[in-house]
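Below are the chains, spelled out letter by letter.
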Amino acid sequence: MNETLLINIKSLLQIRDSETDLVKGAEMADLPALENAWLHVVDGEIKAFGSMDDCPELNCNRFDCSGRFVLPAWCDSHTHIVYAGSRESEFVDKIKGLTYEEIARNGGGILNSAARLHDTSEDDLYEQALKRAQEIISYGTGAVEIKSGYGLNTNDELKMLRVVRRLKETTPLTIKASFLGAHALPQQYKANREAYIREITDEMLPAVAAEGLADYVDVFCDKGFFTVDETARILEKAAKYNLQPKIHANELDYSGGIQVGVQYNALSVDHLEYTGPEEIEVLLNSKTMPTLLPSTAFFLRLKQPPAREMIQAGLPVALASDYNPGSSPSGRMAFILSLACINLRMLPEETINAATLNGAYAMGVNRDLGSITVGKKANLIVTSEISSPAFIPYAFGSQLIDKVMLNGKWM
Ligand code: NIG
Ligand code: FE
């Protein structure tokens, strides 16, 4: 038996019963906690916790958390960490005045990453992605969703998803894979969109399903990318393979992406910079998690998504990093929380709920992760000695995570 007892925890954060699968509306400002606590981990799971007033006498490894907070590891429900190379030259183009859409139209953007990925071997791609996986673990991430979408042809999409499978097998992260063939239209299909949609529905989806490589399906449903009708066709076909949608929606316009996502029972709709009362109403009548990616809005200088209006209306909100080479070259979740506080005016407690339990819901792992609950996996962050949980988003450039435990083991 592998056991650890964490003792003298200044405050144990995000304690939930096993029935609570997400938090929404006004509840998001509430972060249930236990001060001066202990936590017992056995064989990778949270076995018990309580107050130091009655700490059990256990003969096992003890870890003293004096002055430090313990909370669930981040659940980053939207990333693209399997990619080749980097795109800092486009970063410079953007500084000089080009927009994301202009760069994309000139063959840059996603198509630039697709060309690089095509020229990179599966092994090399794995090594590059593994570094990013290790990096995000050091920042406190314990679960991550990873998308394909830099392949844009059957072979290269499969190559990406096989790399994700390898990361599932070789890292301590809990990983979900999403198939995102509809990320951008390859240049050679410019005059024939229909042929690419058919390649996705008739070739890529069956091939991905045959190897069981994806947990979810994604489409970039937005102005200049894929239409609502094209999205619906792809989601319709994906449903036949039991692939639930998690889609990119309303980043660049009121695209109808939120509506089509909800119509096809999406687990999450993500980005949502363009969300008005109509979209909020649709989301209120759904089980779909609205997921905000504040580092993308920051990096591309987009309009900010209306987080306050969403929470005020009673919606849940999740936060994710969107870690990718073009619009968010960072997977540092603590910084995502800072941006959510500063630019979206979310409260620190709301951001912690959004990046743990709601993030877990948005990637379908909330039964096992996202809160301090007996029976859940012991994926934990131990902070450094800080004065309050709000210090995490407040001190936006500091690394305030001392230790990370995944599956009961210290990283
Ligand atoms: O989530 N919005 C679409 N896709 C990515 C960007 C990918 C890229 O530019 O490489 C995103 O922002
Ligand atoms: Fe994305």
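Residues numbered from 1 in each chain as written. Chains lettered and ligands numbered in written order. Predicted model: local features only at pLDDT ≥ 70, side-chain atom pairs only at ≥ 80, totals over all residues. Heavy atoms only, no water.

Trainee: Requested: an account of empty space enclosed by the protein, with residues and values cited.
Mentor: Using a probe with the size of a water molecule, rolled over the atoms, empty space left in the structure can be pinpointed. Taken as a whole and judged by the stated rule, the model has three cavities of 30 Å³ or more. Size it by volume and the largest cavity reaches roughly 100 Å³. Residue lining of the largest cavity: 15 residues in total, with His-80, Tyr-100, His-183, Asn-324 and Ser-327 positioned closest to the centre. Classifying every residue of the lining of the largest cavity by side-chain character gives four nonpolar, eight polar and three charged. (1 Å grid on protein atoms, 1.4 Å probe; cavity = no way out; pocket = protein on both sides within 12 Å on 5 of 7 lines; lining within 4 Å. Points joined across faces, edges and corners; volume = space filled by probe spheres on them. Nonpolar A, V, L, I, M, F, W, Y, C, P; charged D, E, K, R; others polar.)

Trainee: Can you break down the sheet that holds strand S10 (residues 244–249) residue by residue, with the values?
Mentor: In sheet architecture, strand pairing relies on hydrogen bonds along the backbone and comes in two forms, parallel and antiparallel. With parallel pairing, the eight strands of this open sheet are ordered in space as S6-S7-S8-S9-S10-S11-S12-S13. Each having just a single partner strand, strand S6 (74–79) and strand S13 (318–319) make up the two edges of the open sheet. Here strand S12 (residues 289–292) pairs with S13 via two bridges, running parallel. Note on S13: the bridge partner recorded for Leu-292 is Leu-319. (Pairing = 2+ DSSP bridges. Helix = DSSP H or I, 4+ residues; strand = E, 2+ residues; numbered from the N terminus.)

Trainee: I'd like to hear about the site of ligand 1, residue by residue, with values.
Mentor: The environment of ligand 1 is made up of 16 residues, and the closest members are Tyr-100, Tyr-150, His-183, Glu-251 and Ser-327. Contacts to ligand 1 include His-183, whose side-chain N or O atom sits 2.8 Å from a nitrogen atom. Within the side chain of His-248, one N or O atom sits 2.9 Å away from an oxygen atom of ligand 1. Expressed as a share of its isolated accessible area of 330 Å², the protein-covered part of ligand 1 is 100%. Counting atoms within 2 Å of the grid points, the majority share of ligand 1 lands in the largest cavity. (Near = heavy atom within 4 Å. Polar contact = N/O pair within 3.5 Å; in protein donor to acceptor, adjacent residues only side chain to side chain. Areas by Shrake-Rupley, 256 points an atom, 1.4 Å probe, with all protein chains shown as cover. Sits in = over half its atoms within 2 Å of the grid points.)

Trainee: Account for helix H4 (residues 122–138), with residues named and values stated.
Mentor: Taking 1.5 Å per residue as the helical rise, H4 with its 17 residues ought to reach 24 Å, and the 24 Å between its terminal C-alpha atoms agrees with that figure. For H4, the full list of buried residues reads Leu-125, Tyr-126, Ala-129, Leu-130, Arg-132, Ala-133, Ile-136 and Ile-137. Those residues of H4 that are buried lie in contact with helix H3 (110–118), strand S7 (141–147), helix H5 (154–170) and strand S15 (401–406). Following H4 by one or two positions, Gly-140 adopts a phi angle in the positive range, close to 100 degrees. (Expected span 1.5 Å × (residues − 1). Buried < 20%, exposed > 50% of the residue type's maximum accessible area, 1.4 Å probe, protein only. Contact = heavy atoms within 4.5 Å.)

Trainee: So what's going on with the domain arrangement of the chain? Residues and values would help.
Mentor: The domain architecture assigned to the chain consists of domain 1 (3–72 + 371–410) and domain 2 (74–362). Facing 33 residues of domain 1, the contacting portion of domain 2 comprises 34 residues. Each partner contributes to the roughly 2,600 Å² buried at the junction of domain 1 and domain 2, and carbon and sulfur atoms together form 65% of this total. When the buried surface of domain 1 facing domain 2 is broken down by residue, Met-28, Pro-393 and Leu-406 rank first, second and third, together holding 23% of it. Applying the counting rule to domain 1 against domain 2 returns zero salt bridges. At the boundary of domain 1 and domain 2, one finds 13 residue pairs in polar contact (both at pLDDT 80 or more). Breaking the side of domain 1 that touches domain 2 down by element, the ones donating at least two residues are strand S5 (68–72), helix H15 (391–394) and S15. Per-element tally for the side of domain 1 that touches domain 2: the top contributor is S15, with three residues. (Domains from an automatic or database assignment. Buried area = accessible area lost by both parts, 1.4 Å probe. Salt bridge = Lys/Arg side-chain N within 4 Å of Asp/Glu carboxyl O.)

Trainee: Residue-level account of the nonpolar core, with values.
Mentor: Val-82, Leu-167, Phe-179, Phe-225 and Met-346 are the most contacted members of the largest nonpolar core, which totals 104 residues. Summarising the domain contributions, this core has at least three residues from each of domain 1 (3–72 + 371–410) and domain 2 (74–362). The next biggest cluster of nonpolar side chains, apart from the first, holds 16 residues, and it includes Leu-12, Ile-15, Val-382 and Met-405. (Core = buried A, V, L, I, M, F, W, Y, C linked by side-chain atoms within 4.5 Å.)

Trainee: Just give me the short version of the environment of Gly-397, but keep the residues and values in it.
Mentor: Mapped onto the fold, Gly-397 is located in the loop between H15 and S15. Here the alpha-carbon distance between Gly-397 and Ala-334, two residues 63 residues apart in the chain, equals 8.8 Å.

Trainee: Break down the pairing of strand S14 (residues 380–385) for me, citing the residues and quoting the values.
Mentor: Counting buried residues along S14, five of its six residues qualify, which places the element largely inside the surrounding structure. Of the pairings in the sheet, the one linking S5 to S14 comprises four bridges and is antiparallel in character. Bridge pairing in S14 places Pro-72 opposite Leu-380. Direction of pairing for S14 relative to S15: antiparallel, over a ladder of four bridges.

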